[in-house]
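# Fold and contact review
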Amino acid sequence: VPEYADILRHVIRQRYMLAPYIYTMARNAYETGLSLCRPMYYDWPEAEEAYAFRNQYMFGEDILVAPITASGKDGYTTLKVWLPEGEWQTGTLLPGDCIVERSFALDEYPVYVKAGALLPMYNDAVKNLNANDEEVVLTVFPGGNGEFSMYEDNGDDKNYATEFAVTPLRSIREGNTLTVGKRTGTYKDMPAARKFSVKVLASTAPVAVTVNGAKAD
């Protein structure tokens, strides 16, 4: 059915777009033993909701997923989602420490991102992961400050234990600044330079943009 095929195609493309984030979180799992997908009570062990909403899980450090497991009616399924303390983004800033209920269409999925998160992503033109020199889109979610240490390696050998590189990223809400720090480490065939672009999710367009102190067009 074309409708379903288009939805599945969109989901697969989202997976490719999230590859830099997923790869970094996979490295975190290697370093810490904490799974990429983990239950809510790992992060909020004192909250009763962390155990009651057993279908929900954290996807890495910054993304919360609440799978839809019930059948829908007239193309929509209603779901209750527990948002832990703090603030969360779905395109709209939502306060945490509450339970929200809304209906989702077939092409929608309950995914919530921590407010202020800074996620490295690929653009939607990436169709495979054969190379690791693609442009990285630094996606800034409003609501607070964000930090991320983007991980990369050769991706095609077993030397990742010692041969890898990390780039520190930081966004500051006050003053609206984003800093790409110096990459440390090295690995076989590492690109000498990496291209970054910035995507700021905001309700209004910025008045001006500067890069290294110079006004950007």
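See the structure shown above.
Residues numbered from 1 in each chain as written. Predicted model: local features only at pLDDT ≥ 70, side-chain atom pairs only at ≥ 80, totals over all residues. Heavy atoms only, no water.

All right, on to the overall build of the protein chain then. Assigned secondary structure in the protein chain consists of three helices and 17 strands. By its C-alpha atoms, the protein chain is 50 × 45 × 45 Å across when sized along the principal axes. Here the protein chain holds 217 residues, and the buried ones make up 32% of them. By sequence separation, contacts in the protein chain at least 24 residues apart represent 53% of the contacts at least 6 residues apart. For the protein chain, the accessible surface area stands at approximately 13,800 Å², while carbon and sulfur atoms represent 51% of it. Measuring between centres, the 21 positive side-chain charges of the protein chain sit 4 Å from its 29 negative side-chain charges. (Helix = DSSP H or I, 4+ residues; strand = E, 2+ residues; numbered from the N terminus. Buried < 20%, exposed > 50% of the residue type's maximum accessible area, 1.4 Å probe, protein only. Contact = heavy atoms within 4.5 Å. Areas by Shrake-Rupley, 256 points an atom, 1.4 Å probe, with all protein chains shown as cover. Lys, Arg positive; Asp, Glu negative; His and termini not counted. Charge placed at Lys NZ, Arg CZ, Asp CG, Glu CD.)

Right, let's get into the packing of aromatic side chains. By the definition in use, this model includes nine aromatic pairs. Between Tyr23 and Tyr151, the ring centres sit 5.7 Å apart and the planes meet at 35°, which makes this aromatic pair tilted. A residue pair is termed long-range when its members are at least 10 positions apart, and Tyr23 in helix H2 (residues 19–32) and Tyr151 in strand S11 (residues 146–152) qualify at 128 residues. Ring pairing ties together the aromatic residues Tyr21, Phe59 and Phe148, which thus form one cluster. The side chain of Arg15 reaches across the aromatic face of Tyr16, ending 5.3 Å from its centre. Looking at Arg27, its charged tip hangs above the ring of Phe164, at a distance of 4.3 Å from the centre. (Phe/Tyr/Trp six-rings, centres within 6.5 Å; stacked < 30°, edge-to-face > 60°. Lys NZ or Arg CZ within 6 Å of the ring centre and 35° of its normal.)

Bringing the layout of surface pockets into the picture now. As a volume, the largest pocket reaches approximately 1,400 Å³. Lining the largest pocket are 45 residues, with His10, Gln14, Leu18, Tyr109 and Val111 positioned closest to its centre. Breaking the lining of the largest pocket down by element, the ones donating at least two residues are helix H1 (2–17), strand S2 (57–59), strand S3 (63–65), strand S4 (76–83), strand S7 (98–105), strand S8 (111–114), strand S9 (118–121) and strand S10 (136–140). Of the residues that constitute the lining of the largest pocket, the class distribution is 29 nonpolar, 10 polar and six charged. (1 Å grid on protein atoms, 1.4 Å probe; cavity = no way out; pocket = protein on both sides within 12 Å on 5 of 7 lines; lining within 4 Å. Points joined across faces, edges and corners; volume = space filled by probe spheres on them. Nonpolar A, V, L, I, M, F, W, Y, C, P; charged D, E, K, R; others polar.)

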